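Close look at the chain arrangement
The chain contents come next:
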Amino acid sequence: MAYIIAQPCIGVKTAACAAICPVDCIHPGTDQMYIDPVVCIDCGACEPECPVEAIFEAEHTPEPWRSYVGKNADFFRKA
Ligand code: SF4
Ligand code: SF4
């Protein structure tokens, strides 16, 4: 599994997470930042960097934001 970025990032996009990711798998979309689940090594380094707590392990994403697991993956597979 990978980490994902959920709704709290929308409109914030500080990119603090992308700056710390060791494999550069966090990329900017028009609305929010996205984590490529194929490249993410599940290290967890990005999670505490987020000022709005938008980053979760995919399987621990709060119920209201479960759709963001697919939204992160789709961002990379549709491109
Ligand atoms: S968990 Fe690690 S590898 Fe995955 S996005 Fe966060 S910093 Fe990058
Ligand atoms: S640190 Fe949080 S708010 Fe900033 S870009 Fe990453 S997920 Fe979005």
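What follows concerns the packing of aromatic side chains. Evaluated as defined, the whole model comprises three aromatic pairs. Note on Tyr34 and Phe75: the rings are 4.3 Å apart at their centroids and 15° apart in plane angle, and the pair reads as stacked. Of this pair, Tyr34 sits in strand β3 (residues 33-35) while Phe75 sits in helix α2 (residues 67-77), placing them 41 residues apart in sequence. Members of the aromatic cluster, joined through ring pairs, are Tyr34, Phe75 and Phe76.

The next point concerns the site of ligand 2. Around ligand 2, the structure places 13 residues, and the nearest of them are Cys9, Thr14, Ala15, Cys17 and Cys50. The cavity where ligand 2 resides is the largest cavity.

Counted under the stated rule, the structure contains two cavities of 30 Å³ or more. Taken together, 13 residues make up the lining of the largest cavity; nearest its centre are Cys9, Thr14, Cys17, Cys50 and Pro51. Tallied by class, residues from the lining of the largest cavity come to eleven nonpolar, one polar and one charged. Estimates place the volume of the second largest cavity at around 70 Å³. Contributing to the lining of the second largest cavity are 13 residues, with Cys21, Cys25, Cys40, Cys43 and Cys46 lying nearest its centre. Classifying every residue of the lining of the second largest cavity by side-chain character gives twelve nonpolar, one polar and no charged.

Membership of the largest hydrophobic core comes to 15 residues, with the highest contact counts inside it found for Ile5, Ile26, Ile35, Cys46 and Ile55. Those elements that place two or more of their residues in this core are β1 (3-5) and β3. Setting aside residues up to four positions removed in sequence, Ile5 forms contacts with Cys17, Ile26, Gln32, Met33, Tyr34, Ile35, Ala54, Ile55, Tyr68 and Asn72. Ranked by size, the runner-up nonpolar core spans five residues in total, among them Ile4, Ala6, Phe56 and Tyr68.

Rules behind the numbers
Residues numbered from 1 in each chain as written. Chains lettered and ligands numbered in written order. Predicted model: local features only at pLDDT ≥ 70, side-chain atom pairs only at ≥ 80, totals over all residues. Heavy atoms only, no water. Phe/Tyr/Trp six-rings, centres within 6.5 Å; stacked < 30°, edge-to-face > 60°. Helix = DSSP H or I, 4+ residues; strand = E, 2+ residues; numbered from the N terminus. Near = heavy atom within 4 Å. 1 Å grid on protein atoms, 1.4 Å probe; cavity = no way out; pocket = protein on both sides within 12 Å on 5 of 7 lines; lining within 4 Å. Sits in = over half its atoms within 2 Å of the grid points. Points joined across faces, edges and corners; volume = space filled by probe spheres on them. Nonpolar A, V, L, I, M, F, W, Y, C, P; charged D, E, K, R; others polar. Core = buried A, V, L, I, M, F, W, Y, C linked by side-chain atoms within 4.5 Å. Buried < 20%, exposed > 50% of the residue type's maximum accessible area, 1.4 Å probe, protein only. Contact = heavy atoms within 4.5 Å.

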